[in-house]
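Here is how the chains run, residue by residue.
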Amino acid sequence: MRKVILHYHLFKNAGTSLDAAFKENFKDDEWVTKEFPANPAKNREEVAQWILDNPQATVFSSHTAQLPPPEFDDIKVLPVIFFRHPIDRIASAYAFETKQGGDSFGAVLARNTDLSGYIETRLALPNDRQCRNFHIQRFAMMYPESEGSEFERAKRAIEELPFVGIVERFSDSMAELEEWLRSEGFEDLHMKPSEKNVSRGPGLSMDEKLRELEARMSERAFQKLGDENNDDLIIYKSVRRKSILSDS
């Protein structure tokens, strides 16, 4: 059976570093990338067709592909996705968007306001998930809305997906990923951890990063940020605890 790796490249979740490691292991035409429409049915249909249309490819990477992974009779899809501390991810997104060019909403907003303004503006938009429980929205897509709340579906996805990496434990996660993919038949895989496209403070501890972030924001904005990401924080702590226990 053909086996392919599908990297769900979540924005500012070490995806560039992960793709760099994949590219070191596969030929140019074996790693492919593409973006997809937001409509869930159309998205999943096009992702499945993308895999079928690229029989030479082994690694598929996309910022916009939506869970669940497509299913085929003769192709096994191996989904790879990372989770990051949600507050640190938002700060990293802001830092990245202040520097990037282009006229996307996030980039224009970041270049024209401070961190508090960026976060408060995005939180004021009901359907904008960049600064509000970003991860659980993406993980919850694994199952239909009829199968539980967004939080319940995201938690179930975390439990049932074969691999969920932790950005803050990138080296350990890469070792785990290598072991799993080797067990799936990629015996010669060597996933070397290297940091690419890092937007802020790679040498700081998480506590230091959060204190630095809090100092840059108003007390009200920082409190609201925590409240609006409570579900993400709960699941992040659960995933991180599970990862640490698996190493002990």
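Right above here is the structure, for reference.
Note that this is a predicted model, so its numbers are computed, not measured.

## Let's talk about the sheet that holds strand β2 (residues 31-33)
Working step 1: One open sheet holds the 5 strands; their spatial order is β2-β3-β1-β4-β5, and the pairing between them is parallel. Two strands bound the open sheet, and with one partner strand each, they are β2 and β5 (164-166). Put simply, the sheet's adjacent strands are angled 25 degrees from each other on average, direction ignored.
Working step 2: Sheet topology note: the strand β1 (residues 2-8)/strand β3 (residues 59-62) ladder contains 4 bridges and is parallel.

## Brief notes about the packing of helix α1 (residues 15-25) against helix α8 (residues 170-183)
Working step 1: The N-to-C vectors of α1 and α8 enclose an angle of 40 degrees; their axes lie 12 Å apart at closest approach. When the axes of α1 and α8 are compared, the pair comes out oblique. The two elements α1 and α8 cross, and the hand of that crossing is right-handed. In contact with Ser-17, Leu-18, Ala-21 and Phe-22 of α1, α8 contributes Phe-170, Met-174, Leu-177 and Leu-181.

## Quick notes on the packing of aromatic side chains
Working step 1: Counting across every chain of the model gives 10 aromatic pairs.
Working step 2: By the ring-pair criterion, three or more aromatic residues cluster together here, those being Phe-82, Phe-163, Phe-170 and Trp-180.
Working step 3: Of note, Arg-89 hangs over the ring of Phe-134, and the distance from its end group to the ring centre comes to 3.7 Å.
Working step 4: Here the basic side chain of Arg-156 rests over the ring of Tyr-143, its NZ or CZ set 3.8 Å away from the ring centre.

## With respect to the pattern of salt bridges
A side chain with one charge can pair with a side chain of the opposite charge if their charged atoms come near.
Working step 1: Inspection of every chain in the model, using the stated rule, returns 17 salt bridges.
Working step 2: One salt bridge connects Lys-42 with Glu-46, and the closest N-O pair in it is separated by 3.9 Å. Of this pair, Lys-42 and Glu-46 both sit in helix α2 (residues 40-53), 4 residues apart, which is roughly one turn of that helix.
Working step 3: Among the residues examined, Lys-42 registers a relative accessible area of 39% and is labelled partly exposed.
Working step 4: Here Glu-46 falls in the partly exposed class, since its relative accessible area comes to 24%.
Working step 5: Taken together, the salt bridges that share partners define one network made up of Lys-3, Lys-76 and Glu-184.

## Let's talk about the environment of Trp-50
Working step 1: Along the chain, Trp-50 falls in helix α2.
Working step 2: For the pair Trp-50 and Phe-11, spaced 39 residues apart in the sequence, the C-alpha separation amounts to 21 Å.
Working step 3: Every residue in contact with Trp-50, bar those within four places of it in the chain, is listed here: Leu-6, Val-32, Thr-33, Lys-34, Phe-36, Phe-60, Ser-61 and Ser-62.

## A closer look at the packing of helix α3 (residues 86-99) against helix α9 (residues 206-215)
Working step 1: Where α3 contacts α9, the axes come no closer than 10 Å and their chain directions differ by 60 degrees. As summarised for this structure, α3 and α9 are arranged oblique, according to the angle between their axes. In the packing of α3 onto α9, the handedness of the crossing is left-handed. Contacts from Ile-87, Asp-88 and Ala-91 in α3 reach Met-206, Lys-209, Leu-210 and Leu-213 in α9.
Working step 2: When its residues are assigned to classes, the contact of α3 with α9 shows 5 nonpolar, no polar and 2 charged.

Thresholds applied
- Residues numbered from 1 in each chain as written.
- Predicted model: local features only at pLDDT ≥ 70, side-chain atom pairs only at ≥ 80, totals over all residues.
- Heavy atoms only, no water.
- Pairing = 2+ DSSP bridges.
- Helix = DSSP H or I, 4+ residues; strand = E, 2+ residues; numbered from the N terminus.
- Axes fitted to C-alpha atoms, helices over the stretch in contact; angles between N-to-C directions.
- Parallel < 35°, antiparallel > 145°, perpendicular 65-115°, else oblique.
- Left-handed = near helix turned anticlockwise from the far one by under 90°.
- Contact = heavy atoms within 4.5 Å.
- Phe/Tyr/Trp six-rings, centres within 6.5 Å; stacked < 30°, edge-to-face > 60°.
- Lys NZ or Arg CZ within 6 Å of the ring centre and 35° of its normal.
- Salt bridge = Lys/Arg side-chain N within 4 Å of Asp/Glu carboxyl O.
- Buried < 20%, exposed > 50% of the residue type's maximum accessible area, 1.4 Å probe, protein only.
- Nonpolar A, V, L, I, M, F, W, Y, C, P; charged D, E, K, R; others polar.

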